[in-house]
Amino acid sequence: MVRVAIIGAGASGLPAIKCCLDEGLEPVCFEKTGDIGGLWRYRDVDKNPDVACVFKSTVINTSKERMSYSDFPCPREFPNYMHNSQVWNYYKLYLERFGLGQYIHFNNSVTSVRKASDFATSGRWDVEIRDELTGSMRSETFDAVMVCNGHHADPYVPDFPGLDEFQGQKVHTHYYRTPEGYNDKRVVVIGIGNSGGDAAVELSRCSSQVFLSMRRGIWVIHRIGDGGIPFDLGNNRLGNILPLWLKNYFLAKKLNATLDHKLYGIQPEHEPLCSHGLANDDLPNRLANGTVIVKPNVKRFTETGVEFEDGSIVEDIDVVILATGYKLGFPFLPESVIKVDANRVSLYKYVFPPELECSTLAVIGLIQPWGAINPISELQSRWAARVFSGNTKLPTRACMDGDIAAKRLAMEKRYVKSPRHTIQVDYIDFLDDVATEIGAKPSFSWMMLTDPRLYLKCVLGPCLPYQYRLVGPGKWGGAREAIMTAWDRVEAPLRTRKYDADSPSVLNKAFLFVAMLGIVLWMSMRYYYV
């Protein structure tokens, strides 16, 4: 039996274990800490300073239906946007449902992965493991390796002039957990990713003043859309066929209708889909009440303050929060296997190193999606497990290199130049791309003819992970029902108070159905009849 070493038991490692089992492989998972969940298992910083995790208050940015694994919908009673403790609980339920715990070696970290002496013919790897409790080392040989340890391990700190001379407290968000200890402080938060936005909002409730420094401005996305529906459930296949410029136009109008970005001083020069946005419901309120003040990029630090690029200076700063991201890296792998250059890696569909003689190493979850990572990591794991089992073949080296180059060029043309925009992917397009590799992408033209109700749900409704369990290897008998009942699970946690309201008339429902059907059929003939 093919033995597969899996590094990490977080959002990517757990489905990797299951997918290996589905393909008849033997997974052996090594988890550095004593629990599952990776980034989503909250840990106090004083006990785990080197282990990345969410803030204690973190709520996930993607709704539960979009972040579910494709054969395990989140429970009905779970809220649509889950607190990190509930996300971890979902992982625990997934682990228990599929019996994954017996394959995990906790408190075991992988320190080295090297090609075995016969790699050219066997594709095997020598893996060194350290027991974190005893410090003892051991080595094992595996037929394949899945790297699932994420990309939040090595904090990036820019070389700002004068930062070393600054006498106040300097904290990277990697080490930030709670606002405890920041009462009545004057704080500068540098960086406007999700961590920077969350830190600024949270600290503004207890600090005397928060200054939020950003280089380019940011598009702010509210989790809640029209009618109180999760915003990301509006991302469907029908809208996805629009050209990028038109999607940018509509999204910019939508976001500015909620918050005038120019008025609030956060308007970027780039379009919304040309940089990763900020999902934050509270920042506009904090800007409006003055507890957060927006500033441009930092020019230099003084011993007690910060000068910004517009010449303005803030003095008597107590704390600087560096929300400046992470550096990609694989410290346990030699550069001959995966080389990181300017935060870029050359991986076929962000999974397989194309230059290996044997395709027995896969990187899972090394992506920054417009959407949830769980279903993407799972689909990557399904693909990798089938490659390891010999049931799916990779294309030629030239084909893989061409795909890598094309994706890199497209990213450079679309996105603002930034270290974080080297692994950016679109949710639907990338899922379709990987699903095609294993025959798990449904034929929507065939579905339109054979199951029109399901077709309408898949094309007009949100693109949900369960679509990739309708056909192909790993087909799940409950996939259709999961799609058809998704809105019930969205509404279920909101029905905490009974209210008998008049429902739309049958005539209105019929008219709406016919109108939508006509639109979908027309669009389908143009775009989906392939």
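Preceding this section is the structure that the text describes.
Just so it is clear, the model here is predicted, and its values are computed rather than measured.

Parameters at a glance
Residues numbered from 1 in each chain as written. Predicted model: local features only at pLDDT ≥ 70, side-chain atom pairs only at ≥ 80, totals over all residues. Heavy atoms only, no water. Helix = DSSP H or I, 4+ residues; strand = E, 2+ residues; numbered from the N terminus. Rg over C-alpha atoms; globule rule 2.2 N^0.38 Å. Buried < 20%, exposed > 50% of the residue type's maximum accessible area, 1.4 Å probe, protein only. Contact = heavy atoms within 4.5 Å. Areas by Shrake-Rupley, 256 points an atom, 1.4 Å probe, with all protein chains shown as cover. Lys, Arg positive; Asp, Glu negative; His and termini not counted. Charge placed at Lys NZ, Arg CZ, Asp CG, Glu CD. Expected span 1.5 Å × (residues − 1). Pairing = 2+ DSSP bridges. Axes fitted to C-alpha atoms, helices over the stretch in contact; angles between N-to-C directions. Salt bridge = Lys/Arg side-chain N within 4 Å of Asp/Glu carboxyl O. Right-handed = clockwise from strand over helix to strand, strands pointing away. Parallel < 35°, antiparallel > 145°, perpendicular 65-115°, else oblique. Left-handed = near helix turned anticlockwise from the far one by under 90°. Nonpolar A, V, L, I, M, F, W, Y, C, P; charged D, E, K, R; others polar. Phe/Tyr/Trp six-rings, centres within 6.5 Å; stacked < 30°, edge-to-face > 60°. Lys NZ or Arg CZ within 6 Å of the ring centre and 35° of its normal. Patch = residues over 30% accessible without salt bridge, like charges linked within 9 Å, V, L, I, M, F, W, Y side chains within 5 Å. Polar contact = N/O pair within 3.5 Å; in protein donor to acceptor, adjacent residues only side chain to side chain.

Let's hear about the overall build of the chain: which residues, and what values?
Helices and strands together make up the secondary structure of the chain, namely 16 helices and 22 strands. Taken over C-alpha atoms, the radius of gyration comes to 24 Å for the chain, in line with the 24 Å a tight globule of 530 residues would show. Taking the principal axes of its C-alpha atoms as reference, the chain extends roughly 70 × 65 × 45 Å. Looking at the 530 residues of the chain, the share that counts as buried comes to 53%. Looking at the chain alone, contacts between residues at least 24 apart form 69% of all its contacts between residues at least 6 apart. Entry remark: accessible area of the chain is about 23900 Å², with carbon and sulfur atoms responsible for 52%. When the 60 basic and 60 acidic side-chain charges of the chain are each reduced to a single mean position, those positions are 5 Å apart.

Requested: an account of helix H7 (residues 244-258), with residues and values cited.
With 15 residues, H7 should cover 21 Å at 1.5 Å per step; its first-to-last C-alpha distance of 21 Å lies within 8% of that length. All of the buried residues in H7 are Leu246, Asn248, Leu251, Ala252 and Leu255. Buried-residue contacts for H7 involve strand S12 (220-221).

Give a detailed account of the sheet that holds strand S3 (residues 104-106), specifying residues and quantitative values.
On the basis of which strands lie adjacent, the open sheet formed by 5 strands has the order S3-S2-S1-S7-S20 and parallel pairing. Because the sheet does not close on itself, it has two edges, and the strands there are S3 and strand S20 (361-363). If you compare each strand with its neighbour and ignore which way they point, the axes differ by 20 degrees on average. When strand S2 (residues 26-31) meets S3, the two strands line up parallel, connected through 3 bridges.

Residues and numbers for the pattern of salt bridges, please.
According to the stated counting rule, one finds 31 salt bridges in the structure shown. A salt bridge links Asp403 to Lys407; its shortest N-O distance comes to 3.1 Å. One end of the pair is Asp403 and the other is Lys407, both in helix H10 (residues 397-414) and 4 residues apart, which spans about a single turn. Using a relative accessible area of 16% as the deciding quantity, one classes Asp403 as buried. A salt bridge links Lys407 to Asp433; the shortest N-O distance between them is 3.0 Å. Of this pair, Lys407 sits in helix H10 while Asp433 sits in helix H11 (residues 427-438), placing them 26 residues apart in sequence. A relative accessible area of 22% places Asp433 in the partly exposed class. In this structure, a network of salt bridges that share partners links the residues Lys18, Asp22, Asp71, Glu378 and Arg469.

Any details on the pairing of S2? Residues and values, ideally.
Taking burial as the measure, the 6 residues of S2 include 5 buried ones, the bulk of the element. Both strand S1 (residues 3-7) and S2 contribute to a ladder of 5 bridges, which runs parallel. Opposite Ala5, over in S2, you have Val28 as the bridge partner. This β-α-β element, S1 to helix H1 (residues 13-22) to S2, shows right-handed connectivity.

Which residues make up the packing of H1 against helix H3 (residues 84-98), and what values go with them?
For the pair H1 and H3, the least separation of the axes is 11 Å and the interaxial angle reads 15 degrees. Our classification of the angle between H1 and H3 gives roughly parallel. The two elements H1 and H3 cross, and the hand of that crossing is left-handed. Of the residues in H3, those in contact with Leu14, Pro15 and Lys18 of H1 are Tyr91, Tyr94, Leu95 and Phe98. Grouping the amino acids of the contact of H1 with H3 by side-chain chemistry returns 6 nonpolar, no polar and 1 charged.

Describe the pairing of strand S5 (residues 125-131), listing the residues and the values that go with them.
Burial of the side chains of S5 is restricted to one face: Trp125, Val127, Ile129 and Asp131 are buried, whereas none of Asp126, Glu128 and Arg130 on the reverse face is. Pairing analysis gives 7 bridges linking strand S4 (residues 108-115) to S5, with the strands arranged antiparallel. Each residue of the ladder has a partner; that of Ser109, found in S5, is Arg130. Where S5 and strand S6 (residues 137-142) come together, 6 bridges link them in antiparallel fashion.

I'd like to hear about the packing of aromatic side chains, residue by residue, with values.
Aromatic ring pairs are defined here through the distance separating the ring centres and the angle between the ring planes. Per the stated rule, a full pass over the model turns up 18 aromatic pairs. Seen from their ring centres, Phe72 and Tyr94 are 5.8 Å apart, and the 65 degrees between their planes marks the pair as edge-to-face. Residue Phe72 is found in the loop between helix H2 (64-67) and H3, and its partner Tyr94 is found in helix H3; the two are separated by 22 residues along the sequence. For the pair Phe72 and Tyr94, one class covers both residues: buried. Members of the aromatic cluster, connected to one another through ring pairs, are Tyr69, Phe72, Tyr90, Tyr91, Tyr94 and Phe98. The ring of Trp88 has Arg41 lying over it, and the distance from NZ or CZ to the ring centre is 4.0 Å.

Give a detailed account of the sheet that holds S5, specifying residues and quantitative values.
Spatial strand order, S4-S5-S6: 3 strands in an open sheet with antiparallel pairing. At either margin of the open sheet sits one strand with a lone partner, and together these are S4 and S6. For this sheet, the mean angle separating the axes of adjacent strands, direction not counted, is 25 degrees.

Provide a residue-level description of a negative patch on the surface, including the pertinent values.
Taken together, the side chains of Asp159, Asp164, Glu165 and Glu303 define an acidic patch exposed on the protein surface. Inspection of the secondary structure puts Asp159 in the loop between strand S8 (154-155) and strand S9 (169-172).

Could you give me a rundown of the environment of Tyr90, with the residues and numbers involved?
Residue placement: Tyr90 occurs in helix H3. Spatially, the C-alpha atoms of Tyr90 and Phe72 are 9.5 Å apart, while their sequence positions differ by 18 residues. Within the structure, the side chain of Tyr90 is placed 2.9 Å from the backbone nitrogen of Tyr69, a separation counted as a polar contact.

So, unusual backbone geometry: which residues are in play, and what are the values?
Even without being glycine, Asn107 reaches a positive phi, approximately 55 degrees. The phi torsion at Lys349 lies on the positive side, around 50 degrees, for a residue other than glycine. Along the chain, Lys349 falls in the loop between strand S19 (326-327) and S20. Taking the relative accessible area as the measure of exposure, Lys349 reaches 3% and is therefore buried.

Go over helix H5 (residues 194-204), please, and point to the residues and values.
An α-helical segment advances 3.6 residues per turn. Residues three or four places apart therefore align on the same side. Here H5 lies mainly inside the structure; 10 of its 11 residues are buried. Listed as buried for H5 are Asn194, Gly196, Gly197, Asp198, Ala199, Ala200, Val201, Glu202, Leu203 and Ser204. Buried residues belonging to H5 abut strand S10 (186-190), strand S11 (209-213), strand S13 (278-279), helix H8 (283-288), strand S14 (292-295) and strand S18 (319-322).

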